[in-house]
Amino acid sequence: MEVSHSVKERTIAENSLVILLQGLCGRVTTVELRDESAAAGRVTSVDAFMNVRLAEVTFTDRQGAVSHLDELFVTGRNIRYVHIPDEVDIQATIEEQLQAIHRVRYFGGRDKGRREFLHAKH
Amino acid sequence: VSSSRFDPLLALYSPRTPLPFPAAPCFNNLAEYESFQRGLRRPPGRRAAPARRGAAAGRASRRGPPAADPERIQRLRSLMVNAGPEQEGAEGGTARRRRRAPRNVLTRMPLHEGSPLGELHRCVRDGVRINVHIRTFKGLRGVCTGFLVAFDKFWNMALTDVDETYRKPVMGKAFYAEPQLSLTRLFDRLKLQESSGKKGADSKTVSEELALTNDSQTLSLRAGSGRGKAEEERERQKHWGRAGEKKTPGDRSEADVGSRTAHTKGASAGGARARSQSRRRRRPKVDYQQVFTRHINQIFIRGENVLLVHLAH
């Protein structure tokens, strides 16, 4: 569970389905790009803008040329599909990631530590 | 803390540091501290009561925000260090529990009631099979049909049990010199026809296509030599009568791509069927317009690529 260090990225991820992709970190999947090429490999990380880092990738070009890459970075906008492995439960993965964010946000207890959302004191 | 043996590093990193004032309020910056102090200072002054704390000494008195109501004073008092223990009991710890309801992607899904995204949420709830039209850079790429598990405001969707029917986009010269149609005046209609043509290609049974073999073969042969538009129109008219009755089985709800008259529907169905015929007939050459289908168990679609979502009853 690597939750992003940035508050902004955390909230973006928390309110969108990118969080499902973040839960796929460490799994081998195929990412299909919008130019009809495909990258199959292990997901290293996904950020809030859906930029994906993959490792040990089999990259199939849109012409069909296959190549092997150690690492691949795909911009979020270029993604069309992400295949989700069969053993992944979508609902459970989302909830786990949300809990991870929740833990990071409320780290240190209620009255201790720096608070992410200012307590409404008006 | 004030002893000479105080080790700040140990204090910061140890999980069991005894805090001198455990209930001290924590602030994120100096401005918060100032406004907190300001807020606490004003109510005692307004009520003309004796100053509550000596800690307020040295603070410049400034105009603060208006309306300090007793409830707020009560709340603030509970934050005060010196008056801490007695006030907290009065306040009740429950009043300051998570007053915000959690807002995350899962709780936002039912919020879109009354809007198209609310329809999507209905599909998640009721398990309605969805047809998602996927776009290529210009026009339709294909259709994903599956059950919706989750979505968000960008129309990113997580689908299960997905059958995808798609076609690779045609590039280069072929983009301009499509076998059946090539004139720019019909380009827009071509895109519409392409979508229904592709649908026609995968929804038709083989027997239906064989029935049209002869006519479409002549059509494709003549199309291969690059005829003018007028001739094609005539050909299409010729097929229209025959295609008329064949249209209805193949012309599912997929023809609702745009508002079209019956005439164009018939013409496009005929032309589309012929085009799918010539696609198959051209297999000795490289087949650019082949329609592919595949089954994927779980897929995530980025919302940017979604053209439209069609609910299957």
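Conventions used here
Residues numbered from 1 in each chain as written. Chains lettered and ligands numbered in written order. Predicted model: local features only at pLDDT ≥ 70, side-chain atom pairs only at ≥ 80, totals over all residues. Heavy atoms only, no water. Helix = DSSP H or I, 4+ residues; strand = E, 2+ residues; numbered from the N terminus. Buried < 20%, exposed > 50% of the residue type's maximum accessible area, 1.4 Å probe, protein only. Contact = heavy atoms within 4.5 Å. Polar contact = N/O pair within 3.5 Å; in protein donor to acceptor, adjacent residues only side chain to side chain. Arc of directions from axis to C-beta. Pairing = 2+ DSSP bridges. Buried area = accessible area lost by both parts, 1.4 Å probe. Salt bridge = Lys/Arg side-chain N within 4 Å of Asp/Glu carboxyl O. Axes fitted to C-alpha atoms, helices over the stretch in contact; angles between N-to-C directions.

> I tried to follow the overall build of chain B on my own but got confused; where do I start?
Scanning chain B for helices and strands turns up 12 helices and 5 strands. Taking all 313 residues of chain B together, 40% fall into the buried category. Sequence-distant contacts, at least 24 apart, represent 67% of the contacts inside chain B between residues at least 6 apart.

> I'm lost on the side chain of B:Asn156 in this one. Help?
Residue and element names in this part refer to chain B. Take Asn156: it is sitting in the loop between strand 2 (140-151) and strand 3 (157-167). The exposure class of Asn156 is buried, given its relative accessible area of 4%. A distance of 2.6 Å separates a polar atom in the side chain of Asn156 from the backbone nitrogen of Gly303.

> Honestly, helix 1 (residues 7-14) of chain A in this entry has me stumped. Any pointers?
For an α-helix the count is 3.6 residues per turn, leaving residues at separations of three or four pointing the same way. Among the residues of helix 1 of chain A, those classed as buried are A:Arg10, A:Ala13 and A:Glu14. Buried residues of helix 1 of chain A, seen end-on, are gathered within an arc of 100 degrees and therefore sit on one face of the element. In this structure, the buried side of helix 1 of chain A is in contact with helix 2 (18-22) and helix 3 (90-105) of chain A together with helix 5 (105-108) of chain B. Capping the start of helix 1 of chain A is the job of one residue whose side-chain oxygen sits 3.2 Å from the backbone nitrogen of A:Lys8: A:Ser6.

> Whenever I open this one, the pairing of strand 3 of chain B confuses me. Can you help?
Working note: regular strand, side chains alternate between the two faces of the sheet. Residue and element names in this part refer to chain B. With 8 of 11 residues buried, strand 3 lies mostly within the body of the structure. Across 8 bridges, the pairing between strand 2 and strand 3 is antiparallel. Its bridge partner lying in strand 3, Gly142 is registered against Tyr166. Counting the residues in the hairpin turn of strand 2 and strand 3 gives 5 residues, including Trp155, whose phi is positive at 65 degrees.

> What is the right way to read the interface of chain B and chain A from this model?
When the parts come together, some accessible area is lost, and that loss is often what is quoted as the size of the interface. With 43 residues of chain B in contact, the opposing surface of chain A contributes 41 residues. In total, about 3,800 Å² of surface goes out of reach between chain B and chain A, with carbon and sulfur atoms giving 51% of it. Area buried by chain B at its contact with chain A is led by B:Gln298, B:Phe300 and B:Arg302, which between them contribute 19% of it. Inspection of the region where chain B meets chain A yields 4 salt bridges. For B:Glu304, the salt bridge goes to A:Arg77, with nearest N and O atoms at 2.2 Å. Summed over the shared surface of chain B and chain A, the number is 18 residue pairs in polar contact (both at pLDDT 80 or more). Listing elements by their share of the side of chain B that touches chain A, those giving two or more residues are helix 3 (70-79), helix 5, strand 1 (129-135), strand 2, strand 3 and strand 4 (291-301) of chain B. Per-element tally for the side of chain B that touches chain A: the top contributor is strand 4 of chain B, with 7 residues.

> Sorry if this is basic, but what is going on with the sheet that holds strand 1 of chain B here?
Paired through backbone hydrogen bonds, the strands of a sheet run either parallel or antiparallel to each other. Strand order across the open sheet formed by 10 strands is 4(A)-3(A)-2(A)-1(A)-5(A)-4(B)-3(B)-2(B)-1(B)-5(B), with antiparallel pairing between neighbours. This sheet does not close on itself; its edge strands, each paired only once, are strand 4 (66-74) of chain A together with strand 5 (306-311) of chain B. Here the strands of the sheet are splayed against their neighbours by 30 degrees on average, with no regard to which way each runs. As judged from the 3 bridges shared by strand 1 (residues 28-33) of chain A and strand 5 (residues 79-83) of chain A, these two strands associate in the antiparallel manner. Looking at the pairing, A:Glu32 lines up with A:Tyr81 of strand 5 of chain A.

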